[in-house]
Amino acid sequence: MFAAERRQLILEMVRANGAVSLRELARVVQTSEVTVRRDVRALEAEGLLDRRHGGAVLPGGFTRESGFPQKSHLATAEKTAIADLAAGLVDEGEAIVVGAGTTTQELARRLARVPGLTVVTNSLLVAQALAHANRVEVVMTGGTLRGSNYALVGSGAEQSLQGLRVSKAFLSGSGLTAERGLSTSNMLSASVDRALVQAAAEVVVLADHSKLGTDTMFQTVPTDVITRLVTDESPGHDDRAATELQALADQGVQIAVAGASGGGTANGTGASGAPGGDSVGRQQRRDVPLPGPRRQVPGAAGAGLRSATALGEQGGGAERARVADMRRR
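Residues numbered from 1 in each chain as written. Predicted model: local features only at pLDDT ≥ 70, side-chain atom pairs only at ≥ 80, totals over all residues. Heavy atoms only, no water.

**A closer look at the nonpolar core**
Rule in force here: Within this scheme, the nonpolar core is defined by two criteria: the residues are buried Ala, Val, Leu, Ile, Met, Phe, Trp, Tyr or Cys, and they are joined through side-chain atoms within 4.5 Å. Only protein chains enter the accessibility calculation, which uses a 1.4 Å probe; a residue is then buried when its area is under 20% of its type maximum, exposed when over 50%, and partly exposed in between. Every helix listed is a DSSP run of H or I at least four residues long, and every strand listed is a run of E at least two residues long, numbered separately from the N terminus. Every residue pair with non-hydrogen atoms within 4.5 Å of one another is taken to be in contact.
If you look at the biggest cluster of nonpolar residues, it comprises 31 residues, and the most contacted ones within it are L176, V205, L212, V221, L229, L248 and I255. Contributions of two or more residues to this core are made by strand 4 (95-98), strand 9 (166-171), helix 9 (187-198), strand 12 (200-206), helix 10 (239-250) and strand 15 (254-259). With sequence-adjacent residues up to four places away left out, L229 is seen in contact with L176, V205, A207, L212, L245, L248, V253, Q254, I255 and A256. Within the second largest apolar cluster, 26 residues are counted, among which are A83, I96, L111 and V126.

Quick look at the structure:
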């Protein structure tokens, strides 16, 4: 395919979807991400699209938000890997909140297998994914339906969350930076997400690598409130994503990275805790050093690497006790 043909196809994909990751563009035009990045840069110089970290958007993308049909086809493999890893952070009998988004929808599909779970959500897609789970109780917020992402927003949604207390909140968004934290392009969605965060003892952000370093209009979760980030393995040449991850870790965010199957991990275990040698075909986890003291696990001051599994083993008992105490109250 000639360069002009590639760029025309890239432009058509961005116009059709509003935002497309470099990885997806490279797959469709059957070339490397390096070549696609060069094409995107050329199209941006012509004013035909805007570059974003890990992808491309229509001009004015800072304020633009893609609808569900477009988002559902973006970074599907990455969302699946993130959801698989994030589901391991949820224990039987927990009460959690899950925000709106295509990544959280993938998480909900996996939570249907967790017995005794209570899920509070403002997302019709999350509720639908859990609708036939026999041992999962789903609590919907009130509010006004926002059709572009099938979420309940507005004062009704926010008021229904007052007085609620759960163990964890799982949220996604349009962008994540170490400077501002999680952000989104819609004011109503941001307001409800902030109410969800207020109800949770811990905040877990689900964001694929293309959102790292991207900043959008409305801040939802400041960095110092984020407990954990679950993301995917970024391309080896993507220095910006690695820099952003390290900056988040420096501020005390616990990071778990879901990568391609078949490789070993930092501590020799897969996402499910199985030995690395037995985890072929499963999602792998690579951990990022956490030098910040804000959320260090007691007794692990000298550890250079952390993982979602290790954190769950060390802090799970205390967390369950805390959740039980909250329920008695």
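More follows now that the structure is in view.
**Quick look at helix 2 (residues 22-29)**
When we look at burial in helix 2, the residues that qualify are L22, E24, L25, A26 and V29. Positive phi shows up at Q30, right after helix 2, with a value of about 60°.

**Description of helix 6 (residues 102-111)**
Helix 6 sits mainly inside the fold: 9 of its 10 residues count as buried. Burial in helix 6 covers these residues: T102, T103, T104, Q105, E106, L107, A108, R110 and L111.

**Digging into the pairing of strand 12**
Filter applied, for reference: A pair of strands is considered paired only if DSSP assigns at least 2 bridges between the two.
Within strand 12, 6 of the 7 residues are buried, leaving the element largely enclosed by the surrounding structure. Sheet topology places strand 9 next to strand 12; 5 bridges connect them, and they run parallel. Paired with A169 across the strands is V203, a residue of strand 12. Here strand 12 runs beside strand 14 (residues 228-232); their pairing, made up of 3 bridges, is parallel. Residue pairing across strands places L206 opposite V230, the latter belonging to strand 14.

**Section: the sheet that holds strand 11 (residues 181-184)**
The criterion, for reference: Each axis is a line fitted through C-alpha atoms, taken for helices only over the stretch in contact, and angles between the N-to-C directions span 0 to 180 degrees.
Pairing within the open sheet is antiparallel, and its 3 strands lie in the order 10-11-13. For this open sheet the edge positions go to strand 10 (175-177) and strand 13 (218-221), each flanked by a neighbour on one side alone. Across the sheet, the axes of successive neighbouring strands diverge by a mean angle of 40°, strand direction being ignored. In this structure, strand 11 lies alongside strand 13, joined through 3 bridges in antiparallel fashion. Note on strand 13: the bridge partner recorded for S183 is Q219. Relative to the sheet, helix 9 contacts strand 11 and strand 13, its axis offset from that of strand 13 by approximately 20°.

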